[in-house]
Amino acid sequence: MGPNDLNEAIGNGVETATQSINQLTMEEQTSQDDGGVQIMCFSEVSNEVTLHFQIIRLQKQIYAWIGCNSAKFGHLYAAAPTRPSNTVSVTSLIGGASDNTGTGVARRLVLRTGLNIILACDLPKNSPMLEADAEKRLVQKLISLGYTKPKM
């Protein structure tokens, strides 16, 4: 295999991967395995910004990823209900503690679902309206999927 053949093979592989990613971001993808794991991917445009979402529902927790205009992982937060006071504890697992873009979202998701939440969030700092819109769309999807607890 010569250098031109190798470059062509790499080019074809990159093109195929790009087409797959574009198709994934354009369509809502849902899958479920026999172990009860459900995966949902979707994208929405809000104020000329493309928001990407992935939700993975495990037995007693939800993993959610929110991306803005790219597929970067961003900061990672863990949030869980605490007993006996029914409050929520949140910690930053990856990323700076000074960037609290996803801490509020993770905290409110625990309150809405009653489940442990792992949230990866790649939203720009100092964009509270974008953060609120992303959270609103994520919560709407969680409600439509039946992942939220009933209001009392």
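Residues numbered from 1 in each chain as written. Predicted model: local features only at pLDDT ≥ 70, side-chain atom pairs only at ≥ 80, totals over all residues. Heavy atoms only, no water.

As recorded in an unreviewed UniProt entry, the chain goes by the name Proteasome assembly chaperone 4, listed as coming from Abeliophyllum distichum.

### Some details on the overall build of the chain
Regarding its fold elements, the chain presents three helices and seven strands. Start at the N end of the chain and walk to the C end: the helices and strands fall as α-β-β-β-β-β-β-α-β-α. Within the chain, the fraction of its 152 residues that count as buried is 34%. Taking as baseline every contact in the chain between residues at least 6 positions apart, the subset at least 24 positions apart corresponds to 50%. On the chain, roughly 9500 Å² of surface is accessible, and the fraction owed to carbon and sulfur atoms is 53%. (Helix = DSSP H or I, 4+ residues; strand = E, 2+ residues; numbered from the N terminus. Buried < 20%, exposed > 50% of the residue type's maximum accessible area, 1.4 Å probe, protein only. Contact = heavy atoms within 4.5 Å. Areas by Shrake-Rupley, 256 points an atom, 1.4 Å probe, with all protein chains shown as cover.)

### What to know about the pairing of strand E7 (residues 116–122)
Along E7, six of the seven residues are buried, which leaves the element largely enclosed by surrounding structure. Both strand E4 (residues 61–68) and E7 contribute to a ladder of seven bridges, which runs parallel. Residue pairing in the sheet places Gly67 in a bridge with Asp122 of E7. Both strand E5 (residues 75–82) and E7 contribute to a ladder of five bridges, which runs antiparallel. Opposite His75, over in E7, you have Cys121 as the bridge partner. (Pairing = 2+ DSSP bridges.)

### Focus: the packing of helix H2 (residues 103–113) against helix H3 (residues 128–144)
Remark: H2 packs on H3, axes separated minimally by 11 Å, with the N-to-C direction vectors making an angle of 25 degrees. By the angle between their directions, the pair H2 and H3 is classed as roughly parallel. Regarding H2 and H3, the two cross each other, and that crossing is right-handed. On H3, the residues that touch Val105, Arg108, Leu109, Arg112 and Thr113 of H2 are Glu131, Glu135, Leu138, Val139, Leu142 and Ile143. Classifying every residue of the contact of H2 with H3 by side-chain character gives six nonpolar, one polar and four charged. (Axes fitted to C-alpha atoms, helices over the stretch in contact; angles between N-to-C directions. Parallel < 35°, antiparallel > 145°, perpendicular 65-115°, else oblique. Left-handed = near helix turned anticlockwise from the far one by under 90°. Nonpolar A, V, L, I, M, F, W, Y, C, P; charged D, E, K, R; others polar.)

### Section: the confidence of the model for the chain
Low-pLDDT portions of the prediction should not be read for the details of their coordinates. For the chain, the average pLDDT comes to 80, and 73% of its residues sit at 70 or higher. Per-residue pLDDT stays below 50 along residues 17–27; that stretch engages in five contacts with residues further than four places along the chain or on separate chains. (pLDDT = per-residue confidence, 0-100.)

### Some thoughts on the environment of Leu130
Along the chain, the position of Leu130 falls in helix H3. Along the chain, Leu130 and Leu51 lie 79 residues apart, while their C-alpha atoms are 9.1 Å from each other. If we skip the residues at most four places from it in the chain, Leu130 touches Val49, Leu51, Cys68, Leu123 and Pro124.

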